[in-house]
Every structure is written in C-alpha cells, then in structure tokens.
Amino acid sequence: MIDSINSLPMVRNISMPNGLNTNPIQQPQQNSQISNNSNLNGMNALASYNAPSISRPVAKNVQPLLPTILQPEAIKTIQGEKIYNSMGELDSIIKKTNDGTVVYKMEVQAPNDAINKIETYDAQGRLVQVQENLNIIEKGKLPRIPLIQLVKYSPETGKILNETAYQDGKPFMVIEKEYEPNGTVKEYIVNLKEKTSSIVETNEAQNMGRKIDFDKNGNITSIVTKDENQHSKEKLQFINGVVASRSVETKSPVPNLTNKNPMADKDLVPAQAYVLGYDPKQVQGEKVYFSNGALEAISTMTESGGIVVHRFDLNGNLAAILDQTDLNKPKTITFNQDNQSISERLADGSEKLTVISKDGSKDVTVMNYKTDFEKHVAYTKEGLPKIYYERSDGKNEMLMEFDKQGNIIKLV
C-alpha cells in the first residue's frame, strides 16, 4: 500500500495473530530502473516512459471543519442540562435543540473551566461530529488548547468523512474521505501550513495503492503507485505538468543479517480484544450515579484485594474498564467510537498500548519513559506485520516494512 500518512495528532492515535511469520526477518534487495529527461513534453514524454495512460486526479478544495472554542465565562452560560458526577463535579452539559443534541464533556482537571470533548448528534440520535481538545491546565491561568481535532461522521454508515486538526487556533491539516463501491478509499489531504496537498487511494482487497502529490498551486509534482502483489513501486516526477522522470522499484526479501526479530518480542504481542460475555450493568459491586440518575460506575473488590471498575457514559454505554487486580500491572480497556484500546503496565515499568480498529487491524506501542525508548508494530487485519519501528531520544533508530506474506522488504 501507499506509505502511511501520519494521523492527526489526537486521533486515537489484541491476541497473537494466527499465521504470524516467525521465520528470521529478511532484508530487502532493490532493483530500480530510472529515466530522466526534463526536456521531454506531452505525448513524447509519456511514450518515452512507457506510461500509455496516466489518470490525473485534480487537487480538491477541502475545507476545514470549524471548532467550538469557549472560554470559562462562556462555558458558564451554556444553556442545557448540567450533569454532575458522584464527586459533585460538573461532568457534562447536554444541550438539546430541534436539530439534535450537543454534549459538552468537561475536562477532569478543570471541570468548570474547560471542555474536553464535544459530541454532536442529529435529531435521530446518530453521531455526526466529535471535537476533542487537548487542554493545558495551569494554576492561575486560563486553560490553553494547543491542539484540537474534529471528526465528522456519516450518520448513515458511521464512517469518517472529514478530519481536521488545529494547532494554536489555526487549522494545519484536513483529510476528507470518499468510499467507492469497489472498496477503494480516497483521502484528500491538505497541509494548510505548507500549502501542499495529496490524494491517497488505497484498495486493501486488490493490494494496490496510489499517492498523488500537488504543489501549492495545485500542480501535480509526483505520482507513486504501489502493487503489493508484485512488490513493485512506480514513481513519476512531473515538471510543469510533464513527466520528467520515471523510476520503477521492485523489492524481494533476503536473509536477515541484523540479528534482530521484533516479531519475536513478547512485549509486542497484541493484547486480547475484550469481548463482553456479560451485562456490565449487572456486575456486583458498589454503584455510583450521575446527578441525573444514570449509572456512572461499578467498583468490585476481587478476592485478591484488588479492584475492577466499570465506567459508563451518560447514554448507558460501557466506556471503560479499569482493572487493578494487580496494582503492579494495572490495565485499562477503553471503548471508543472507532476502536478499542488496552493500556497496561509491563513488568519493567513500560507502558503498553494496544489499539484494535473496527476492521480488525491492530497497533501495539510500548513506551519506556525512564529510558525514552519506544517501539511500535502495526498489524494487518489478517494478523501479519506491516510496519515496525524503534525510537530513542525522539529519533528513529530502526524502520522495517513488511509485505503481505510477513517478509521484510525495507529496512532502514
């Protein structure tokens, strides 16, 4: 598929998969053919580079979603039902209109002065938009919101239509998605800071992908096409709309000489997806309630002296499970709109986060804050690795890319 695009800053952001390749990791060999001639033009250039037909999408004028920004005094004037948690702190404000419902979820560190999340529902109760704020709370100062992310959903399908990220009050990244009947997903990506844009087309079923880059004037600068079935990548470079160079790269796995196999790392085995086999509201334990009478949480003491807490949202849905059966290895399972995440502490004190998407793909990240070391692996929905990387002191130390059979085809 096309090289991965960094997700928006606040997005998001599991069992050992069957069929995981445990053979020694293999290092890639690359064969490339490169042609360059910036003087060629029109059909002569296309013929010269053996590219008889090039589909050229046009850059799309993608508009950012508009955030809601409220200072503490404005928050106090929001009209709606105020819901308090069992500690007497403001948890949410629910504002209902003829068009639907808006739920303002307050920041835990400053429940009266800052909003953590805004959820918008239509008149039928379907989720249409979520805004998440990264609040910086400092004593004696107004809350700051350096990062804001907005996600717009299709109320009919629940699929993401638009993602917009703001930094320091200015939009810097917008992604608009289109879903075609043949399974192709198109992402129109605009970098508002650099004033450049891209179109990323992926089709998981066909193992094909394409990325088209545009300059600030909307002119194509490059087209990269990947065929995972053939382990090949073609790159066309453009100058003034004319193909200036073409390169074809093929990759094949070779024996690994690095002495390292991250797929054998027990820390990177995905956590088991949590499947409820019971009604969480019927769990025995101490119950606490929101001020409107809705169940907030159930705390259950275990035989070992630990505690398990089931937390619910205002709609009665299970929001999270806090498992502190072993205080040395606490675990939190969070149930989100688009994924399920499992956070746990490892024996050496590292924090492990497993994120399971709706389509079955998984991401595992292990972070050791004491040594400032991070390692990450992304799995396909079939359970095979796609990407592995290590970072130390904020810098990439190793990157591995795998093919559909689990063989490494890129190592840097």
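Residues numbered from 1 in each chain as written. Predicted model: local features only at pLDDT ≥ 70, side-chain atom pairs only at ≥ 80, totals over all residues. Heavy atoms only, no water.

**Student:** Please explain the side chain of E107 as it appears in this structure.
**Tutor:** Mapped onto the elements of the fold, E107 is located in the loop between β4 (100-106) and β5 (115-122). Buried and unpaired, E107 has K105 as its nearest opposite-charge partner, separated by 11 Å. In contact with E107, other than residues within four places in its own chain, are A114, I115, N116, N135 and I137. (Helix = DSSP H or I, 4+ residues; strand = E, 2+ residues; numbered from the N terminus. Buried < 20%, exposed > 50% of the residue type's maximum accessible area, 1.4 Å probe, protein only. Lys, Arg positive; Asp, Glu negative; His and termini not counted. Salt bridge = Lys/Arg side-chain N within 4 Å of Asp/Glu carboxyl O. Contact = heavy atoms within 4.5 Å.)

**Student:** How do you make sense of the pairing of strand β8 (residues 160-167) when you look at a structure like this?
**Tutor:** Most of β8 is tucked away, with 6 of its 8 residues classed as buried. Here strand β7 (residues 144-153) folds back onto β8, and the loop between the two strands holds 6 residues, one of which, G158, carries a positive phi near 80 degrees. Looking at chain direction, β8 and strand β9 (residues 170-179) are connected through 6 bridges and run antiparallel. The residue bridging A165 from the neighbouring strand is M173, located in β9. What sits between β8 and β9 in their antiparallel hairpin is a turn of 2 residues, with D168 showing a positive phi close to 50 degrees. (Pairing = 2+ DSSP bridges.)

**Student:** I keep staring at empty space enclosed by the protein and nothing clicks. Help me out?
**Tutor:** Using a probe with the size of a water molecule, rolled over the atoms, empty space left in the structure can be pinpointed. Looking at the largest cavity, its volume works out to about 90 Å³. Lining the largest cavity, in full, are K226, D227, E228, H231, S232, K233, E249, K251, E401 and I409. Of all elements in the fold, only β13 (220-227), β14 (232-239) and β15 (242-255) reach the threshold of two or more residues within the lining of the largest cavity. Its residues assigned to classes, the lining of the largest cavity shows 1 nonpolar, 2 polar and 7 charged. (1 Å grid on protein atoms, 1.4 Å probe; cavity = no way out; pocket = protein on both sides within 12 Å on 5 of 7 lines; lining within 4 Å. Points joined across faces, edges and corners; volume = space filled by probe spheres on them. Nonpolar A, V, L, I, M, F, W, Y, C, P; charged D, E, K, R; others polar.)

**Student:** How do you make sense of the packing of aromatic side chains when you look at a structure like this?
**Tutor:** Aromatic ring pairs are reported here in terms of the distance separating the ring centres and the angle at which the planes meet. The tally for this structure, following the rule as stated, stands at 1 aromatic pair. Here Y274 and F335 contribute two aromatic rings whose centre-to-centre distance is 6.4 Å and whose plane-to-plane angle is 70 degrees, an arrangement assigned as edge-to-face. Placement of the pair is Y274 in the loop between β15 and β16 (286-289) and F335 in strand β20 (residues 331-335), with a sequence separation of 61 residues. For Y274, a relative accessible area of 31% puts it in the partly exposed group. Given a relative accessible area of 24%, F335 falls into the partly exposed group. (Phe/Tyr/Trp six-rings, centres within 6.5 Å; stacked < 30°, edge-to-face > 60°.)

**Student:** What is the right way to look at the pattern of salt bridges in this model?
**Tutor:** Two side chains of opposite charge can pair, provided their charged atoms sit close to one another. Going through the model one piece at a time under the given rule, you end up with 16 salt bridges. For the salt bridge of E176 with K60, the shortest nitrogen-to-oxygen distance reads 2.7 Å. Note that E176 is positioned in strand β9 and K60 in the loop between α1 (42-48) and α2 (72-75), a separation of 116 residues in sequence. Look at K60 and you get partly exposed, because its relative accessible area is 31%. E163 is paired through a salt bridge with K177; the nearest N and O atoms lie 3.9 Å apart. On the criterion of sequence distance, the pair formed by E163 in strand β8 and K177 in strand β9 is long-range, its members being 14 residues apart.

Any link to function would need more than the numbers given here.
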